[in-house]
Amino acid sequence: MVRVLDRKLLRELWHQKGLIVAITTLIAVGVMCFIYMRSITHNLKRAKARYYATSRMADFWIDIKKVPVAELDVVTNIRGIAEIRPRINFLATVDLPNIAEPVNGLVLSLPDRRRPIINEITLKSGSYFSDQGRDEVLINEAFALKHKLKPGDHIHLLLNNRRQELQIIGTASSSEFVYLVGPGAIFPDPEHFGVFYLKETFAEEVFDFSGACNQVVGTVAPEFRDQPDELLRQVERVLKPYGVFSVTPLRDQPSNRYLSDEIRGIGSFAQIMPVIFLAVAALVLNVLMLRLIDQQRVVIGTLKGLGYSNSQLFWHFTKYSGLIGFVGGFCGWGLGYVMAGVVTDLYRTFFEFPDLRNEIYPDLYRSEEHTSELQ
């Protein structure tokens, strides 16, 4: 049986239903913003951490004019350098049928036979290089999907001023191109820019780089990971005779920088947007409660005269505001999770993660502690 105060509560909620719906909506939107923005932040951070770990993401990139691979031992002997990987790196022009606009690509060398390396690729379709053909190529998945290319097709690249016909044997993605943009671009454009992986021996032959490379990627010891600048300056001095063009630490690598900036941006909005909606909701709810109590002074006095205690009346009005907050918070939580799923799907069109997914985080309200674990 519903008690007298509870019936009174239901009547008051019904009479104020318009204002209560508005307040509940404000609370729901505020909680939704908090849940979905924090969830997106954690989704991206977790996907980034997993991808970087499995692909052994490099800590630095050094672009050089040309250096013999045999001369790189001096770099590995520097204290703090954990591992390096020499490779060939050139821009190329892609010749596609029925495409009038220029299509460019980044050509990178990979070992002829698959082995654990820094910046390991993730195969999406097809296979790694075979022992039969030297003119094989792996292309990044987004470019292949945009141009409807698949393993077994042939593609023409202009390499070192020579038109080369290459057979596509697979599609792949890489942690260093999660956010892939071409030179001078701001947004990913897989229609006009792609990444092409060639056999190391074939790349050496085509670009006249036998036993040499023009880019070195590497990892540093854990104690140097947060502050690698002095270590990289030392590496640059060692390689200076070979013509160092640029030294790029992980924090400045384009893909990682775009991704990190996006995560920080969402985190900042997650601190501001919910506060705005919840502050307005709290202000309006406070005004509503003050007006309600002021209007019911006579009713409150009558109820006390009938034997109701101060604690019972206090709990009655607490339930009034608490019910509004509970309904708004519960709706906001559900909407936040759904919204996080929608936005996560949207991010898959910009960021090439192999396993970006929406998750539920029970400890979401301990956000600072959770965030520190993922950095």
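In this text the structure is predicted, and so the values were computed from the model without any measurement.

How each quantity is defined
Residues numbered from 1 in each chain as written. Predicted model: local features only at pLDDT ≥ 70, side-chain atom pairs only at ≥ 80, totals over all residues. Heavy atoms only, no water. Phe/Tyr/Trp six-rings, centres within 6.5 Å; stacked < 30°, edge-to-face > 60°. Helix = DSSP H or I, 4+ residues; strand = E, 2+ residues; numbered from the N terminus. Buried < 20%, exposed > 50% of the residue type's maximum accessible area, 1.4 Å probe, protein only. Lys NZ or Arg CZ within 6 Å of the ring centre and 35° of its normal. Pairing = 2+ DSSP bridges. Axes fitted to C-alpha atoms, helices over the stretch in contact; angles between N-to-C directions. Contact = heavy atoms within 4.5 Å. 1 Å grid on protein atoms, 1.4 Å probe; cavity = no way out; pocket = protein on both sides within 12 Å on 5 of 7 lines; lining within 4 Å. Points joined across faces, edges and corners; volume = space filled by probe spheres on them. Nonpolar A, V, L, I, M, F, W, Y, C, P; charged D, E, K, R; others polar. Core = buried A, V, L, I, M, F, W, Y, C linked by side-chain atoms within 4.5 Å. Salt bridge = Lys/Arg side-chain N within 4 Å of Asp/Glu carboxyl O.

(A) Region of the structure containing the packing of aromatic side chains. Going through the model one piece at a time under the given rule, you end up with ten aromatic pairs. Aromatic pair Tyr179 and Phe351: ring centres 5.3 Å apart, planes at 45°, arrangement tilted. Of the two residues, Tyr179 is situated in the loop between β8 (162-174) and β9 (193-199) and Phe351 in the loop between α9 (310-347) and α10 (367-374); the sequence distance between them amounts to 172 residues. For the pair Tyr179 and Phe351, one class covers both residues: buried. The rings of Tyr51, Tyr179, Tyr258, Tyr347, Phe351 and Phe353 are connected pair by pair, giving a single aromatic cluster. When the ring centre of Phe209 is taken as reference, the NZ or CZ atom of Lys66 above it lies at 4.8 Å. Above the plane of the ring of Tyr258 lies Arg257, whose end atom (NZ or CZ) is 5.7 Å from the centre.

(B) Just the sheet that holds strand β10 (residues 212-220), in detail. Strand order in the open sheet formed by four strands is β2-β10-β1-β11, and the pairing between neighbours is antiparallel. If you trace the sheet from one side to the other, it starts and ends with β2 (81-87) and β11 (244-249), each paired once. For this sheet, the mean inter-axis angle between neighbouring strands, taken without regard to orientation, is 25°. When strand β1 (residues 60-68) meets β10, the two strands line up antiparallel, connected through six bridges.

(C) Molecular detail of the environment of Gly329. In this structure, Gly329 sits in helix α9. Linking Gly329 and Ile27, residues 302 residues apart in sequence, is a C-alpha distance of 6.3 Å. Excluding residues that lie within four positions of it along the chain, Gly329 makes contacts with Ile27 and Val31.

(D) Fine view of the layout of surface pockets. The space that makes up the second largest pocket amounts to roughly 560 Å³. Along the walls of the second largest pocket sit 25 residues, with Leu106, Phe177, Gln215, Gln253 and Pro254 positioned nearest its centre. Those elements that place two or more of their residues in the lining of the second largest pocket are β1, β3 (89-95), β4 (103-110), β11 and α7 (254-295). Ranked by residues supplied to the lining of the second largest pocket, first place goes to α7 with four residues. Its residues assigned to classes, the lining of the second largest pocket comprises 13 nonpolar, eight polar and four charged.

(E) Molecular detail of the nonpolar core. Counting residues in each nonpolar core, the largest one holds 25 residues, and the members touching the most others are Ile40, Leu44, Leu259, Tyr347, Phe351 and Phe353. Those elements that provide at least two residues to this core are α2 (17-55), α7 and α9. Of all the elements, α2 adds the most residues to this core, at seven residues. Counting residues in hydrophobic clusters, the runner-up holds 24 residues, among them Val137, Ile168, Phe202 and Phe207.

(F) Main features of the pattern of salt bridges. Following the criterion strictly, the structure yields 19 salt bridges and no others. Close ionic contact of Arg134 with Glu205 constitutes a salt bridge, the shortest N to O distance being 3.3 Å. Of this pair, Arg134 sits in the loop between β5 (121-126) and β6 (136-140) while Glu205 sits in helix α5 (residues 200-206); the two residues are 71 residues apart in sequence, bridging distant segments of the chain. By relative accessible area, which is 42% here, Arg134 ends up partly exposed. With relative accessibility at 45%, the residue Glu205 sits in the partly exposed group.

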